[in-house]
Amino acid sequence: MNEKRSFFDGRLSAVLVAAGSSVGLGNIWRFPYVAGSNGGGAFVLVYLGCLLLLGMPVMMAEFAIGRHTRQNAVGAYRSLDKRWSWLGYNGVVSALLIMGFYFVVAGWVGAWLVRSASGELAALSDSAACAKSFASFTSSPWAPLAYTLGFILLNHAVIVLGVKKGIERSARFLMPLLLVMLVVLAIRSLLMEGAAEGIEFFLKPDFSKITPRTVLVAMGQVFFSLSVGLGTMVTYASYFNRETDLKRTALHVSLIDTGVAILAGIVIFPAVFSAGIAPEAGPSLVFITLPDIFNSMGHPALWSSIFFLLLAVAALTSTISLHETATLYLHEEWHLSRSTAAWITTMCSVLLASLASLSMGTLKGWQIGGLNFFDQLDFLTANILLPLGGLATCIFAGWVLDRKVLVEQMHSGKPRTAFLSCTLVVLLRWICPVLLVMIFLDNLHLI
Ligand code: PHE
């Protein structure tokens, strides 16, 4: 065991840091739309079921592996069983590839924050003007690149400050800030005229929309949203101290992650419906529809600045965890200083993110299977590498990892509750792998 490492102070830090990784762009624009168009409240129930059966057990397994080995993702799996080090590499590569497109979106968020604060967005006359401004910004070569680089450097600065002064301190400051901004925005949104209709679209249970396909969509969402399947939680748990209760931490992180996703829907849909606009998915909802809606309110610059600051904070705490996954690997496995390791990770992200950013305009022609580079990174990670990593993590934790290690880590030195550990083992051995194989096949359009 490597005892020279830093540890997070107590339970609150562990929860905030892991929640920082989980709460991200996936919660704020993806969850509300997916829920709203897949059965509303009924989808939320299915999502909660998947969270309990799939997301939380995998998160607990990653926590146990990380804290037991106290190593980076590759070292952790290798020290437990040499044949499984590929699972750690899968994680590091996935983290780099996710950074490739996530930083680009984070750059757009940064640009929209600056444009909100400067009043530039508020000056746009209607949604067509918002759409045009977004399209011309993202397809231009230099401006989005500059914002993306700015965001990467901010992220780099936090990583170089170190585990305690950078990662832990930023999470302890940014996560409460994020929650406060979200609650303020939710209250503002609920006070709008069409609020009831928006909430109805988002949360009214419509069980007729629940099909096997919806269950698969919910599982995929749980997975990406909790940041499990790529060793990020292994990496963070290697900094948890011995007293941190892993079951409770996983429970609290899941509650915060889901709470933020639901509050995000409460912010977005009442606003969308009060403006009489059909809800749309993804980037256009956040970067085009919402700015247009803010413009119809009093103080548009203020509200859109708060909203984009919220998104920037959510994105930053997630990219920090992705960066740390790769940096810690380089630091420990290649025996580089933390700063050199961080620079290499930063340079790789700059390269990938630049290509992804340019693929929205200048390099649009570079397509494989009809997808530009940005979409390829998204597709490869979310649909292939993460489900594969998650599936392998369950098989590893359920079948390969010594059961004593798992049980010991779960109890953190406290009296045993045999029932809970048995349930966890059954879930990891049988239930999670079967569910994950289904997501995987579905994503490859095999079922
Ligand atoms: N969970 C983050 C989100 O919801 C994305 C992410 C995935 C971050 C995997 C780290 C690792 O946006």
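Residues numbered from 1 in each chain as written. Predicted model: local features only at pLDDT ≥ 70, side-chain atom pairs only at ≥ 80, totals over all residues. Heavy atoms only, no water.

*Asks:* Even after reading the chapter, I still don't get the overall build of the protein chain, so can you show me in this structure?
*Replies:* Within the protein chain one finds 18 helices and zero strands. On the principal axes, the C-alpha backbone points of the protein chain span a range of 65 × 50 × 45 Å. Each of the 447 residues in the protein chain was classed as buried or not, and the buried ones make up 59%. In the protein chain, 82% of the contacts between residues at least 6 apart in sequence involve partners at least 24 apart. Accessible area for the protein chain stands at about 17300 Å²; split by element, carbon and sulfur atoms hold 68% of it. Counting 29 positive and 24 negative side-chain charges, the protein chain places the centres of these two groups 9 Å from one another. (Helix = DSSP H or I, 4+ residues; strand = E, 2+ residues; numbered from the N terminus. Buried < 20%, exposed > 50% of the residue type's maximum accessible area, 1.4 Å probe, protein only. Contact = heavy atoms within 4.5 Å. Areas by Shrake-Rupley, 256 points an atom, 1.4 Å probe, with all protein chains shown as cover. Lys, Arg positive; Asp, Glu negative; His and termini not counted. Charge placed at Lys NZ, Arg CZ, Asp CG, Glu CD.)

*Asks:* Explanation requested: the site of the ligand in the structure shown.
*Replies:* In the vicinity of the ligand lie 15 residues, with Ser22, Gly26, Tyr102, Phe224 and Ser225 positioned nearest. Between the ligand and Phe224, the relevant distance is 2.9 Å, taken from a nitrogen atom to a main-chain nitrogen or oxygen of the residue. Out of a free accessible area of 320 Å², the ligand has 100% covered by protein chains. Breaking the shell around the ligand down by element, the ones donating at least two residues are helix 1 (10-22), helix 2 (25-37), helix 10 (212-226) and helix 14 (300-333). (Near = heavy atom within 4 Å. Polar contact = N/O pair within 3.5 Å; in protein donor to acceptor, adjacent residues only side chain to side chain.)

*Asks:* Even after reading the chapter, I still don't get a nonpolar patch on the surface, so can you show me in this structure?
*Replies:* Where nonpolar side chains cluster on the molecular surface, the patch consists of Leu52, Leu53, Ile395, Trp399, Val400, Val426, Trp430 and Ile431 and spans about 720 Å² of accessible area. Relative to the helices and strands, Ile395 is located in helix 16 (residues 373-400). (Patch = residues over 30% accessible without salt bridge, like charges linked within 9 Å, V, L, I, M, F, W, Y side chains within 5 Å. Salt bridge = Lys/Arg side-chain N within 4 Å of Asp/Glu carboxyl O.)

*Asks:* Explain the state of the cysteines to me, please; I cannot follow it from the model alone.
*Replies:* Simply put, disulfide is the name for a covalent bond between the sulfur atoms of two cysteines. Under the counting rule described, the total for this entry stands at zero disulfides. The closest cysteine sulfur to the non-disulfide-bonded Cys50 is located on Cys432, 10 Å from its own sulfur. We classify Cys50 as buried; its relative accessible area is 7%. Of the cysteine sulfurs around Cys394, a residue in no disulfide, the closest is that of Cys432, at 4.4 Å. What makes Cys394 buried here is its relative accessible area of 0%. (Disulfide = S-S within 2.5 Å.)

*Asks:* Explain unusual backbone geometry to me, please; I cannot follow it from the model alone.
*Replies:* Across residues other than glycine, the phi torsion is negative in most instances, and most of the peptide bonds are trans. Despite not being glycine, Ser227 shows a phi value in the positive range, around 60 degrees. Here His335, not a glycine, exhibits a phi torsion of approximately 55 degrees, which is positive. Note that His335 resides in the loop between helix 14 and helix 15 (338-358). The exposure class of His335 is exposed, given its relative accessible area of 69%.

*Asks:* Where do I start with the nonpolar core in this structure?
*Replies:* A general feature of soluble globular proteins is that nonpolar side chains tend to end up buried together. Residues Phe63, Phe287, Phe307 and Phe308 are the most contacted members of the largest nonpolar core, which totals 149 residues. Sequence-distant contacts of Phe308, defined by excluding residues within four places in its chain, comprise Val109, Trp112, Leu113, Ser116, Leu121, Val286, Phe287 and Pro291. (Core = buried A, V, L, I, M, F, W, Y, C linked by side-chain atoms within 4.5 Å.)

*Asks:* Would you take a moment to explain helix 16 for this structure?
*Replies:* Given 3.6 residues to a turn, an α-helix orients residues that are three or four positions apart in the same direction. Its axis deflected by about 35 degrees at Thr381, helix 16 carries its strongest bend there. A side-chain oxygen of the first residue of helix 16 lies 3.2 Å from the backbone nitrogen of Phe374; this N-cap is Asn372. (Bend = angle between axes of the 7 residues up to and from the residue.)

*Asks:* Explain helix 9 (residues 195-203) here, please?
*Replies:* Buried residues of helix 9: Ala195, Gly198 and Phe202, and no others. Summarising the axial view, the buried residues of helix 9 lie within an arc of 65 degrees, below the 170-degree limit, and thus occupy one face. Its buried side turned inward, helix 9 meets helix 2, helix 3 (41-69), helix 8 (163-190) and helix 12 (246-274). (Arc of directions from axis to C-beta.)

*Asks:* I'm lost on the packing of aromatic side chains in this one. Help?
*Replies:* To describe a pair of aromatic rings, one takes the distance between the centres and the angle between the planes. Going through the model one piece at a time under the given rule, you end up with 30 aromatic pairs. On the basis of an interplanar angle of 70 degrees and a centroid distance of 5.0 Å, the ring pair of Phe31 and Tyr47 is categorised as edge-to-face. Taken as a pair, Phe31 in helix 2 and Tyr47 in helix 3 lie far apart in primary sequence, 16 residues in all. Just as Phe31 is buried, Tyr47 falls in that class too. Taken together, a centroid distance of 5.1 Å and an interplanar angle of 80 degrees make the contact between Trp399 and Trp430 edge-to-face. Within this pair, whereas Trp399 is found in helix 16, its partner Trp430 is found in helix 18 (residues 418-443), the two being separated by 31 residues in sequence. On the accessibility criterion, Trp430 (52% relative accessible area) is exposed. (Phe/Tyr/Trp six-rings, centres within 6.5 Å; stacked < 30°, edge-to-face > 60°.)

*Asks:* How should I be thinking about the pattern of salt bridges in this particular structure?
*Replies:* Close approach of charged atoms allows side chains with opposite charge to pair. Per the counting criterion, the structure on display carries seven salt bridges. Among the salt bridges present, the one from Arg115 reaches Glu120, with a minimum N-O distance of 3.5 Å. Since its relative accessible area comes to 44%, Glu120 is described here as partly exposed. Within the structure, one salt-bridge network assembled from shared partners comprises Asp9, Lys164 and Glu168.

*Asks:* Even after reading the chapter, I still don't get the environment of Ala146, so can you show me in this structure?
*Replies:* Mapped onto the elements, Ala146 comes out in helix 7 (residues 142-161). For the pair Ala146 and Thr317, spaced 171 residues apart in sequence, the C-alpha separation works out to 20 Å.

*Asks:* Which parts of the structure should I look at to understand the packing of helix 4 (residues 73-80) against helix 5 (residues 85-117)?
*Replies:* Axes are the key here: two packed helices are described by the angle between their axes and the distance separating the axes. At a minimum axis distance of 7 Å, the contact between helix 4 and helix 5 shows a crossing angle of 170 degrees. Here helix 5 runs roughly antiparallel to helix 4, going by the angle between their axes. Contacts between helix 4 and helix 5 involve Ala73, Val74, Tyr77 and Arg78 on the former and, on the latter, Ser85, Leu87, Gly88, Tyr89 and Val92. Along the lines of polarity and charge, the residues of the contact of helix 4 with helix 5 split into six nonpolar, two polar and one charged. (Axes fitted to C-alpha atoms, helices over the stretch in contact; angles between N-to-C directions. Parallel < 35°, antiparallel > 145°, perpendicular 65-115°, else oblique. Nonpolar A, V, L, I, M, F, W, Y, C, P; charged D, E, K, R; others polar.)

*Asks:* Would you mind showing me how to read the side chain of Thr381 here?
*Replies:* Tracing the chain through its elements places Thr381 in helix 16. One polar contact links the side chain of Thr381 to the main-chain carbonyl oxygen of Leu377, over a distance of 2.8 Å. Leave out the neighbours within four places in its chain, and Thr381 touches Ser94, Leu97, Ile98, Phe101, Leu386 and Pro387.

*Asks:* Please explain the environment of Phe240 as it appears in this structure.
*Replies:* Counting through the fold element by element, Phe240 comes out in the loop between helix 11 (232-237) and helix 12. Placed 225 residues apart in sequence, Phe240 and Val15 show a C-alpha to C-alpha distance of 9.8 Å. The contact partners of Phe240, leaving out residues within four places of it in the chain, are Phe7, Phe8, Ala14, Phe63, Arg67, Arg70, Leu246 and Thr249.

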